[in-house]
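# A closer look at the structure
So you can see what is in the structure, the chains are spelled out below.
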Amino acid sequence: MIRTTACFVAAGLLLGTATTARGGDQLGQIGKIGGAVKKVNDVRDLQVTDQEEQQLGAAVSERIRARYGVVQDAAVHRYVALVGGALAQASTRPALPWTFIVLDTDGVNAFAAPGGYVHVTRGALALIQDEAELAGVLGHEIVHITEKHTIRSIQKSKSVQMGASETLSGSSALLERAVTATYDNIVEKGFGRGEENESDEKGIELANRIGYAPAGLSGFLTRLKDRNKGSQEKRGLFASHPEMQSRLDNIKKEIASKKMASTATLPDRYKKFITYTPKSVTEIATVAAGSAGLTGGESKAEPKKEEPKKRGFGISRMLPTGGGEKQQAQVTGSGSARGVDPEKDARGGGNPRLVPVKIAAADIAAFKKEGGLK
Ligand SMILES: [Zn+2]
């Protein structure tokens, strides 16, 4: 875990504009407008201060760790935190208490929780072949956090609308609903295409800025795509998956247009610290989808029927086996058997404990210097 100096904007006041009724009491107030009786909105979209973002992210990370377990290996965590820390330092939100967590599962995935919690699976590290690829994946996740993609997404969720006088940190029930909505958004639904493209573009730019070859992310995604090729017949539903190709095309275009100069890939350093062997998708033990959710009892507060699932578009979501459009339609349509996504539904380890790693700015500087990074 990397803990840089936390520097929160202590914004105790709520941001944004609340939908208010006239007068002080805004809850359920009935206002007369033009003679007609109209119920004034008594809820508003979720407002999140920087401190609340932290609180939310910590709770969501706890659920992700409970679901997949944490690799109890300090050397692995230290290495991932050094690469991640170097990127985070160069990001638009360097002062977040960035935390890099390696999840104990063979599934290939990565999850970004608000407030600086970046999770990458052991399976993803096994598939990654050099440091530029790792930087590409971590850079992508970091941008989800710096651009507040999850916060924006759950703000649209009806289940986390808040009363006019409610705050996230002041209401444990609201926080619980927000944690559930956030977990669901990150792990189950994934982001939309626009957010994924933004994370791809800004993520490779970030990695390149500190010296990594920009093609790291596409190298990894291409291998991920190939890895899932063999299983297409079995999961014929996802025989075609243009999303991944369009994403790769977009990355290629971005690299060409931005004249990215850095070239470090550092495969030897990567292999010195990461020695996992990838498992094929057919070898991955899975847990039943649906029960694959949270240990903490999934979402009594937010039944899944609430809104149509948007197209999943995460690291593994773009795969033929990932929760693509058809699969999502199947879920919402019938509520019946949902396809198993071996990456997401992979069995996890039993130890959710964080592996604390202390990394100072000097450690990152030495690490960058050793690798010829900027
Ligand atoms: Zn993403």
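Remember, it's a predicted structure, so these values are computed and weren't measured experimentally. Each residue is numbered by its place in its chain's sequence as written, counting from 1. Side-chain atom pairs in this predicted model are given and counted only at pLDDT of 80 or more, local residue features only at pLDDT of at least 70, and totals for whole chains, interfaces and linings cover all residues. Side-chain figures throughout are based on the complete set of non-hydrogen atoms in the structure, without hydrogens or water.

## Brief notes about the overall build of the protein
Along its length, the protein carries 12 helices and seven strands. Put simply, the protein has 374 residues, and 54% of those count as buried. Contact criterion: two residues are considered in contact whenever any of their non-hydrogen atoms come within 4.5 Å of each other. Considering only contacts in the protein between residues 6 or more positions apart, those separated by 24 or more positions represent 79%. In these tables, accessible area is a Shrake-Rupley quantity obtained with a 1.4 Å probe, and a residue counts as shielded only by the protein chains included in the view. Put simply, the protein shows about 15,800 Å² of open surface, and 54% of that area lies on carbon and sulfur atoms. Counting from the N terminus, the helices are DSSP H or I runs at least four residues long and the strands are E runs at least two residues long. For the exposure calls, accessible area comes from a 1.4 Å probe over protein chains only, and a residue counts as buried if that area is under 20% of its type's maximum, exposed if over 50%, partly exposed in between.

## Re the confidence of the model for the protein
A residue's pLDDT is simply how confident the predictor is in it, with values from 0 to 100. Looking at the protein, the pLDDT average stands at 79 and 72% of residues meet or exceed 70. Low pLDDT, under 50, characterises residues 232–240; the predicted model gives this stretch 16 contacts beyond four residues in sequence or across chains.

## A few points about the environment of glutamate 370
Inspection of the secondary structure puts glutamate 370 in helix α12 (residues 361–370). Residues glutamate 370 and arginine 269 lie 101 residues apart in sequence; the distance between their C-alpha atoms is 9.7 Å. Identification of polar contacts relies on pairs of N or O atoms within 3.5 Å, with a donor-acceptor requirement for protein atoms, meaning one able to donate a hydrogen and the other able to accept it, and with residues adjacent in sequence counted only if both atoms are side-chain atoms. A distance of 2.6 Å separates the side chain of glutamate 370 from the side chain of arginine 269, its partner in a polar contact.

## A word on the pairing of strand β4 (residues 99–103)
The element β4 is extensively covered by neighbouring structure, given that five of its five residues are classed as buried. Here β4 shows a buried face lined by Thr99, Ile101 and Leu103 and a second buried face lined by Phe100 and Val102. Only strands joined by at least two bridges in the DSSP assignment are considered to pair. Note: β4 against strand β6 (residues 117–121), five bridges, orientation parallel. Its bridge partner lying in β6, isoleucine 101 is registered against histidine 119.

## Some remarks on the sheet that holds β6
What the three strands build is an open sheet, ordered β4-β6-β5; its pairing is mixed. Taken across any chain shown, the strands that pair with only one partner, and hence form the sheet edges, are β4 and β5 (110–113). Averaged over all neighbouring strand pairs, the angle between strand axes comes to 15°, with direction disregarded. Note on method: axes are straight lines fitted to C-alpha atoms, helices fitted across the in-contact stretch only, with angles between N-to-C directions ranging 0 to 180 degrees. Sheet contacts for helix α4 (residues 131–146): β4, β5 and β6; angle to β5, the most-contacted strand, approximately 30°.

## Section: the nonpolar core
Most often, soluble globular proteins have nonpolar side chains that are buried together. Judged by nonpolar contacts, the single largest core of 54 residues is most densely connected at Val83, Leu87, Phe100, Leu125, Leu138 and Tyr212. At nine residues, the largest contribution of residues to this core is made by helix α2 (residues 74–89). In this description, a nonpolar core means a group of buried Ala, Val, Leu, Ile, Met, Phe, Trp, Tyr and Cys residues linked to one another through side-chain atoms lying within 4.5 Å. Counting 26 residues, the second-largest nonpolar core is a separate cluster that includes Leu103, Leu168, Leu175 and Ala181.

## What about the coordination of the zinc ion?
Note on the zinc ion: its protein donors are His140 (NE2), His144 (NE2), Glu196 (OE) and Glu196 (OE). The metal-donor distances range over 2.0 to 2.6 Å. Considering all four donor atoms around the zinc ion, angles at the metal cover 53 to 132° and the coordination shape is irregular. Only nitrogen, oxygen and sulfur atoms qualify as donors, provided they sit within 2.8 Å of the metal or within 3.2 Å for Na, K and Ca; with water excluded from the atoms, sites may seem incomplete. Along the chain, the residues donating to the zinc ion fall in the pattern H-x3-H-x51-E. Residue histidine 140 is found in helix α4, and its partner glutamate 196 is found in helix α7 (residues 193–209); the two are separated by 56 residues along the sequence. For a four-donor site, all angles between 85 and 135 degrees give tetrahedral; for four or six donors, opposite pairs above 155 degrees with the remaining angles between 65 and 115 give square planar or octahedral; all remaining cases count as irregular.

## Points about helix α6 (residues 172–189)
What a helix should span is 1.5 Å times the count of its residues minus one. Across its 18 residues, α6 extends 24 Å between first and last C-alpha, which sits within 8% of the 26 Å expected from 1.5 Å per residue. In terms of burial, α6 is a largely internal element, 14 of the 18 residues being buried.

## Brief notes about unusual backbone geometry
Residue lysine 148 is not a glycine yet carries a positive backbone phi of 55°. Mapped onto the elements, lysine 148 comes out in the loop between α4 and α5 (149–155). What makes lysine 148 partly exposed here is its relative accessible area of 24%. Positive phi is not limited to glycine here, since lysine 259 has a value of about 50°. Examined against the element boundaries, lysine 259 turns out to sit in the loop between α9 (242–258) and α10 (267–273). Owing to a relative accessible area of 73%, lysine 259 belongs among the exposed residues under this scheme.

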